[in-house]
Amino acid sequence: MTMTMRLSLFTGMLGIAFLLFPAATLANCDQQTSLRVTRILHQLQPVLEAGHDQQALTLLEEFARAYPQERHYLLDYYRGNLYVAMKRHEEAFAAYEAALSLCSDMAALWQNHGAVAWDLKRYDDAAASLLRAYALEPNEELFFNAAVALLYGGRIKEAADRFEQLIERGREQTPDQWLETYSGLCLSHDLVSRSLEKLDAWKPFFSEHPIYWRLLAMTYLQRRDYTKAAAGLKVYASFVPLETADKRLLADLLLQIQLPLEAAPLYEDLIQEQPQDMMLHQQLIASYRLGLRPETALQAIDRALAVQQTQQLLRDKAEVSFELGHYQEAFETFAELLKLNPDNGTAYLYQGYSALRMGREDLARSALTKAARFPDSKAQATRMLAALGAR
């Protein structure tokens with residue numbers, strides 16, 4: 001049974017913190033602010049507020065060239081923000097580095113440094129900077145993004161550790177996306193046992209979160225524990241209507257664990273949505289046959305044949321008709337099957353059986369004689385012909 005798992009991995013990153021500072025805040029980081037720096041910052045403020053980015057950047061760059069000794073972290077900070085707005089990420093990264101060399105206690109600086117590092121795919125730098133920002137101003141979104149950066153940087157175990165810390169702090173307040181990302185990480189990196197252990201421990205916090213049950217199901221699915229995977233999806237379905245892919249997965253699981261009559265209604269619904277999908281028709285037929293509902297199976301076969309005639313469907317119809325004692329219909333359906341595949345010895349053999357049940361020994365001899373020409377049906381056909389000859 002082939003099954004597709006949907007894994008959710010967060011692919012975003014916190015935005016740049018574009019902050020504007022009034023004069024009263026210019027002494028951050030205990031850095032002395034010269035008169036020249038104060039003037040350029042006051043001059044810069046209305047230009048930034050008006051959204052004139054290029055003009056603001058020109059002011060800062062001209063000031064730096066004219067007064068290279070006049071350094072202040074806010075000047076580098078603003079330059080970094082403006083470079084980001086212009087998608088000049090390498091220059092932005094350097095500007096934030098310069099700002100951090102003068103002021104390492106400002107969370108927004110570390111956040112921006114981490115966000116630009118992410119854009120540059122410097123994931124180790126991104127993780128380190130975001131964690132510094134979190135240490136200065138705790139914000140779980142920062143911590144989450146740091147964990148994602150660790151993940152993208154290939155530091156899988158560290159990322160898993162961080163996600164677990166985050167989820168255990170947030171408990172039932174944890175956003176579903178964070179739980180999905182953790183689960184996706186574990187499923188993608190062979191940490192299934194670890195994920196199951198944690199998901200089981202977190203059940204008291206997340207049992208009312210529908211997504212928890214879906215993630216639990218996908219984790220058991222990865223383990224090939226189809227019974228528990230189906231149970232998880234059934235609980236999930238009690239909270240929300242299943243999307244098509246999940247409904248199909250649950251139907252396949254139920255069929256796999258020998259609960260065909262629970263699978264059948266799901267396949268019926270899916271066929272309403274996708275009437276041309278012949279695999280769905282086959283799974284529905286299999287469900288009714290395994291569930292010992294031959295009459296319903298025959299109806300399902302006829303509906304499928306109205307969509308497309310296949311050898312498998314004709315074989316199913318012939319076999320079910322025979323089971324129901326509809327021997328004439330079975331004989332005729334085997335004949336239709338043999339038109340598509342005249343080298344099917346088994347079809348000739350069962351056509352012979354059908355003819356015998358109809359009391360037509362002449363038709364039976366003809367079909368069994370043909371069946372005897374094929375290795376897979378020769379022995380049985382020969383025995384039946386001998387029995388007919390002895391009469």
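Residues numbered from 1 in each chain as written. Predicted model: local features only at pLDDT ≥ 70, side-chain atom pairs only at ≥ 80, totals over all residues. Heavy atoms only, no water.

1. Overview of the overall build of the chain
Moving on, step 1. A count of helical and extended segments in the chain gives 22 helices and zero strands.
Moving on, step 2. Whereas a compact globule of 391 residues would reach a radius of gyration of roughly 21 Å, the chain reaches 35 Å, over 25% beyond that.
Moving on, step 3. With the principal axes as the frame, the chain shows a C-alpha extent of 120 × 45 × 35 Å.
Moving on, step 4. Expressed as a percentage of its 391 residues, the buried residues of the chain come to 47%.
Moving on, step 5. In the chain, 56% of the contacts between residues at least 6 apart in sequence involve partners at least 24 apart.
Moving on, step 6. When the accessible area of the chain is evaluated, it comes to approximately 19100 Å², of which 50% is carbon and sulfur surface.
Moving on, step 7. When the 40 positive and 49 negative side-chain charges of the chain are each reduced to one mean point, those points stand 7 Å apart. (Helix = DSSP H or I, 4+ residues; strand = E, 2+ residues; numbered from the N terminus. Rg over C-alpha atoms; globule rule 2.2 N^0.38 Å. Buried < 20%, exposed > 50% of the residue type's maximum accessible area, 1.4 Å probe, protein only. Contact = heavy atoms within 4.5 Å. Areas by Shrake-Rupley, 256 points an atom, 1.4 Å probe, with all protein chains shown as cover. Lys, Arg positive; Asp, Glu negative; His and termini not counted. Charge placed at Lys NZ, Arg CZ, Asp CG, Glu CD.)

2. Focus on the packing of aromatic side chains
Two aromatic rings, taken as a pair, are described by how far apart their centres are and by the angle between their planes.
Moving on, step 1. Under the counting rule described, the total for this entry stands at 18 aromatic pairs.
Moving on, step 2. Each member of the aromatic cluster is reached from another via a ring pair, and the members are Tyr-182, Trp-202, Phe-205, Phe-206, Tyr-212 and Trp-213.
Moving on, step 3. A cation sits over an aromatic face here: Arg-169 above Phe-143, 4.4 Å from the ring centre. (Phe/Tyr/Trp six-rings, centres within 6.5 Å; stacked < 30°, edge-to-face > 60°. Lys NZ or Arg CZ within 6 Å of the ring centre and 35° of its normal.)

3. Here we look at the side chain of Asp-76
Moving on, step 1. Within the secondary structure layout, Asp-76 lies in helix H3 (residues 73–85).
Moving on, step 2. In contact with Asp-76, other than residues within four places in its own chain, are Arg-71, Ala-95, Ala-98, Ala-99 and Leu-102.

4. So, unusual backbone geometry
Moving on, step 1. In this structure, Lys-121 takes a positive phi of about 60 degrees despite not being glycine.
Moving on, step 2. If you trace the backbone, Lys-121 turns up in the loop between helix H5 (107–119) and helix H6 (123–136).
Moving on, step 3. Notably, Arg-224 is not glycine yet its phi reads approximately 65 degrees, a positive angle.
Moving on, step 4. By secondary structure assignment, the location of Arg-224 is in the loop between helix H12 (210–222) and helix H13 (226–239).

5. Some remarks on the environment of Leu-131
Moving on, step 1. Mapped onto the fold, Leu-131 is located in helix H6.
Moving on, step 2. In this view, Leu-131 contacts Phe-143, Ala-146 and Arg-162; residues no more than four positions away in its chain are not counted.

6. Digging into the nonpolar core
Moving on, step 1. Grouped together as the largest cluster of nonpolar side chains are 105 residues, with contacts concentrated most on Leu-109 and Leu-185.
Moving on, step 2. Counting residues in hydrophobic clusters, the runner-up holds 21 residues, among them Ala-347, Leu-349, Ala-372 and Leu-388. (Core = buried A, V, L, I, M, F, W, Y, C linked by side-chain atoms within 4.5 Å.)

7. Quick word on the pattern of salt bridges
Moving on, step 1. Tallied over the entire structure, the rule returns 24 salt bridges.
Moving on, step 2. For Arg-71, the salt bridge goes to Asp-76, with nearest N and O atoms at 3.8 Å.
Moving on, step 3. Arg-71 gets classed as partly exposed once you look at its relative accessible area, which sits at 41%.
Moving on, step 4. Residue Asp-76 is classed as buried on the basis of its relative accessible area of 8%.
Moving on, step 5. Residue Glu-323 pairs with Arg-289 through a salt bridge whose shortest N-O separation is 2.9 Å. Within this pair, whereas Glu-323 is found in helix H18 (residues 311–323), its partner Arg-289 is found in helix H16 (residues 278–290), the two being separated by 34 residues in sequence. (Salt bridge = Lys/Arg side-chain N within 4 Å of Asp/Glu carboxyl O.)

8. Quick word on H5
Moving on, step 1. Here H5 spans 19 Å end to end across 13 residues, near enough to the 18 Å set by a 1.5 Å rise per residue.
Moving on, step 2. H5 sits mainly inside the fold: twelve of its 13 residues count as buried.
Moving on, step 3. Within the sequence span of H5, burial applies to Ala-107, Ala-108, Leu-109, Trp-110, Gln-111, Asn-112, His-113, Gly-114, Ala-115, Val-116, Ala-117 and Trp-118.
Moving on, step 4. Where H5 is buried, its residues contact H3, helix H4 (89–102), H6 and helix H7 (140–152). (Expected span 1.5 Å × (residues − 1).)

9. Considerations on the packing of helix H1 (residues 35–49) against helix H2 (residues 53–66)
Moving on, step 1. Packing of H1 against H2 brings their axes to within 9 Å, and their N-to-C directions diverge by 165 degrees. Looking at the two axes, H1 sits roughly antiparallel to H2. Our pair here, H1 against H2, has a crossing hand that is right-handed. Along the contact surface, H1 presents Arg-36, Val-37, Ile-40, Gln-43, Leu-44, Val-47 and Leu-48, while H2 presents Gln-55, Ala-56, Leu-59, Leu-60 and Phe-63.
Moving on, step 2. Looking at the contact of H1 with H2 residue by residue, the class counts come to nine nonpolar, two polar and one charged. (Axes fitted to C-alpha atoms, helices over the stretch in contact; angles between N-to-C directions. Parallel < 35°, antiparallel > 145°, perpendicular 65-115°, else oblique. Left-handed = near helix turned anticlockwise from the far one by under 90°. Nonpolar A, V, L, I, M, F, W, Y, C, P; charged D, E, K, R; others polar.)

10. Quick look at the environment of Arg-71
Moving on, step 1. As for its position among the elements, Arg-71 is in the loop between H2 and H3.
Moving on, step 2. Between the C-alpha atom of Arg-71 and that of Gln-31, which follows or precedes it by 40 residues, the distance is 9.8 Å.
Moving on, step 3. Among the polar contacts listed, one links the side chain of Arg-71 to the backbone oxygen of Ala-98, at a separation of 3.5 Å. (Polar contact = N/O pair within 3.5 Å; in protein donor to acceptor, adjacent residues only side chain to side chain.)

11. Points about the confidence of the model for the chain
Detailed reading of the predicted coordinates is not advisable wherever pLDDT falls low.
Moving on, step 1. Looking at the chain, pLDDT values average 91 and 92% of them are 70 or higher.
Moving on, step 2. Low pLDDT, under 50, characterises residues 1–13; the stretch is placed with 39 contacts to residues that sit more than four places away or in other chains. (pLDDT = per-residue confidence, 0-100.)

12. Some details on helix H14 (residues 244–256)
Moving on, step 1. Between its first and last C-alpha, H14 extends 18 Å over 13 residues, near the 18 Å set by a 1.5 Å rise per residue.
Moving on, step 2. Taken together, the buried residues of H14 touch H12, H13, helix H15 (260–273) and H16.
Moving on, step 3. Looking one or two places after H14, you find Gln-258, whose phi comes out positive at around 65 degrees.

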